[in-house]
Structure formats: C-alpha cells, structure tokens
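Fold and geometry: a report
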Amino acid sequence: MTGAPVHTRIPVLLYHAVMEDPPDWIAEFTVTPKEFASQLDAVVASGRTAITVGTLAAHFATGAPLPPRPVVLTFDDGFADLVGPTAEALASRALPSTAYLTTGAITPGRPCLLPPAPMMTLSRAPRLEQYGMEVGAHTVTHPQLDTLPPNLLRRELRDAKAVLEDVLGHEVRHLAYPHGYNSPAVRRAVAAAGYTSAVAVRHALSSADDEIYRIARLILRRGHTVADVERWMEGRGAKAAPYPDSLPTIGWRMYRRARGLLKGPEFAG
C-alpha cells in the first residue's frame, strides 16, 4: 500500500441505496438492510469515532483537531431509504454522517440524468438533519462534471446549493462529485461556487493530509463484506490518499470530455 501511514488513514465510506430489491442500474452499489446493519456494527466495534465531512474539512482548512481514530459515513443521491430506515439505523448507533442530495432527482418534475429509482423528496431534507445527518449537494442532474462547459458547470454547482439552502434555511458548504469525476478546473469552480469541501471516490482511504477538494472515499458495492469494512477500519485493504491521478485516469477523462462535446451532458455512473 502507498500513501499515508496506517495510523493516519481515515476510512470515508460511500453508500448509495440500502434496499432489498434495487433497480438494475444501481444494484451493484446497493447493500441490503441486513448487510448495512452488520457493517455499521463493525464500524462501532472498531472503536473509531464517526464524524461528518464538515468536521474532516475543518481539519484540512484550519488544523482543527480530529478524534484519534475517525471514520466518515457518506450517502449519495438521496434514495428513498435514506429518510427512514437508513437514518434510523445510524441514529440508533449514534453515528453522525453526511448525505449528498441530487436536487433534480428528489424534486418531482425536474429534469435529471439519474435513471428511475425510489427517491426521497426535497421537502424531507430537513428531516435528515433531525436524525443527525449533515446535508451536502450532489449537483442538480448528476452529470460528469469534468466534461461540462463552464456555464453548465457553474449552473450545476450553484443551483443545487441554492435549492438545498432554501429548503434547509442555512448554508450548504459541502459537495460530492457525481461518480467522483473531477479535474483541476472543476475543483476551482467548486471553490468559486462557495463550497468549502468536496468528496471524490478514488477507491482509497483518506488521511489527515488529504486534499480538501477531492477527499478520497471507499465505495460500498454489493459484493463487499463485513471483513472488508473491518480491514478499512484498521486502515488497511486500500491505498491511501493523497496521490496524483494516474495516466489511465487522465486519459479516460480526455476521452469522456471529447465524447461530451459530441453528445452533450451524460449521466455520471
């Protein structure tokens, strides 16, 4: 493994849907409620202290102290289980977390690139905070942000932030890149839009030295087991950020950008 020493590695877990019978397009990134409960129990048993992305970002920005062994739980998109059984499972174990909502997907009648799935509604976003969840933005339509022209990129970032701030009644400071897709230009636009942090994917452990605008996360797939979660809680089982983009990652971005010029905005997934 590369990157930060084991004792400074921070698991930032990325969940999507928690349900028994998900639509095919999200099934690979879905865990069942039983698996989810077992994974949360493994987090608790590890002795790690759950914190929000906001707490982690404050460390990156100002050096604010972290607990000795932090862990971060995040949830993308805003599937229907989030407000209810998923939030209840977290609250019953006193595990704070961060939820990133795709505003077009949770607002009836709004256009969105996400395929159909059971989703929560925007009006219930304040309920997440009552469960102890921090709310961040996940764009409006869930596009590949690193393929968008500047005007569309700004709109995705600013409109999602404004919509959530209106319903929550306070500033929304944190963003998740759809499918983790970002670039130096995207990260600059995120900062200019008023976000103070952004999470990527990277399939890696974060660390106390990670980058505030592309915090590494570990994505939970249906094939992951409790043993995988236990290894991550030990700071093992994945490389650690920060590290530079690989040549294949850069090449894939260039290919997608060229395709986007021909086809327009595409679903990030």
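Scroll up a little and you will see the structure.
Just so you know, these numbers come straight off a predicted model, no measurement behind them.

This brings us to the overall build of the protein chain. Looking only at helices and strands, one finds ten helices and ten strands in the protein chain. For the protein chain, the C-alpha radius of gyration of 17 Å lies close to 18 Å, the compact-globule estimate for 269 residues. Projected onto the principal axes, the alpha-carbon positions of the protein chain cover approximately 50 × 40 × 35 Å. Per-residue burial over the protein chain gives 54% buried out of 269 residues. Within the structure as shown, the protein chain displays about 11300 Å² of accessible surface, and the carbon and sulfur contribution to it stands at 56%. In the protein chain, 28 positive and 26 negative side-chain charges are present, and the distance between their average locations comes to 6 Å.

When two helices pack together, their arrangement is given by the angle between the helix axes and the distance between those axes. Where helix α2 (residues 33–45) meets helix α9 (residues 226–233), the closest approach of the two axes is 9 Å, and the angle between their N-to-C directions is 25°. Between α2 and α9, the angle falls in the class roughly parallel. Between α2 and α9 the crossing geometry is right-handed. Only Val226, Val229, Glu230 and Met233 of α9 make contact with α2, whose side of the interface consists of Ser38, Gln39, Ala42 and Val43. Its residues placed into classes, the contact of α2 with α9 shows five nonpolar, two polar and one charged.

Of the two faces of strand β2 (residues 12–15), the one holding Val12 and Leu14 and the one holding Leu13 and Tyr15 are both buried throughout. Pairing between β2 and strand β4 (residues 70–77): four bridges, direction parallel. When the bridges of β4 are listed, Leu13 appears paired with Leu73. The pairing of β2 with strand β10 (residues 215–219) spans two bridges and is classified as parallel. Residue Leu13 lies in a different strand from β10, and its bridge partner there is Leu218.

Turning our attention to helix α3 (residues 53–62). Those residues of α3 not exposed but buried are Val53, Gly54, Leu56, Ala57, His59 and Phe60. Gly63 sits one or two positions beyond α3 and adopts a positive phi of about 80°.

Turning our eyes to something else, we now look at the packing of aromatic side chains. What the rule picks out here adds up to four aromatic pairs. For the pair Trp25 and Phe79, a centre-to-centre distance of 6.1 Å together with 40° between the ring planes defines the contact as tilted. Separated by 54 residues along the polypeptide, Trp25 in helix α1 (residues 24–27) and Phe79 in the loop between β4 and α4 (82–92) bring together distant segments of the chain. Judged by relative accessible area, which is 25%, Trp25 ranks as partly exposed. Relative to Phe75, the ring of Phe36 lies with its centre 6.0 Å away and its plane at 80°, an arrangement referred to as edge-to-face. Taken together, the residues Phe36 in helix α2 and Phe75 in strand β4 connect sequence positions 39 residues apart. Among the aromatic residues, those joined into a cluster by ring pairs are Tyr15, Phe36 and Phe75. A cation sits over an aromatic face here: Lys161 above Tyr195, 5.9 Å from the ring centre. If you follow Arg202 out to its NZ or CZ, it ends over the ring of Tyr243, 4.1 Å from the centre.

For the rest of this paragraph, the subject is helix α8 (residues 184–192). Along α8, the residues classified as buried are Val186, Arg187, Ala189 and Val190. Down the axis of α8, the smallest arc covering the buried residues is 160°, so these residues share one side. Away from the buried face of α8 by more than 90 degrees, exposed residues Arg188 and Ala192 are located. Turning to α8, the residues buried within the fold contact α7 (150–168), β7 (174–176) and β8 (197–202). Downstream of α8 by a residue or two, Gly194 has a phi angle that is positive, lying close to 100°.

Analysis parameters
- Residues numbered from 1 in each chain as written.
- Predicted model: local features only at pLDDT ≥ 70, side-chain atom pairs only at ≥ 80, totals over all residues.
- Heavy atoms only, no water.
- Helix = DSSP H or I, 4+ residues; strand = E, 2+ residues; numbered from the N terminus.
- Rg over C-alpha atoms; globule rule 2.2 N^0.38 Å.
- Buried < 20%, exposed > 50% of the residue type's maximum accessible area, 1.4 Å probe, protein only.
- Areas by Shrake-Rupley, 256 points an atom, 1.4 Å probe, with all protein chains shown as cover.
- Lys, Arg positive; Asp, Glu negative; His and termini not counted.
- Charge placed at Lys NZ, Arg CZ, Asp CG, Glu CD.
- Axes fitted to C-alpha atoms, helices over the stretch in contact; angles between N-to-C directions.
- Parallel < 35°, antiparallel > 145°, perpendicular 65-115°, else oblique.
- Left-handed = near helix turned anticlockwise from the far one by under 90°.
- Contact = heavy atoms within 4.5 Å.
- Nonpolar A, V, L, I, M, F, W, Y, C, P; charged D, E, K, R; others polar.
- Pairing = 2+ DSSP bridges.
- Phe/Tyr/Trp six-rings, centres within 6.5 Å; stacked < 30°, edge-to-face > 60°.
- Lys NZ or Arg CZ within 6 Å of the ring centre and 35° of its normal.
- Arc of directions from axis to C-beta.

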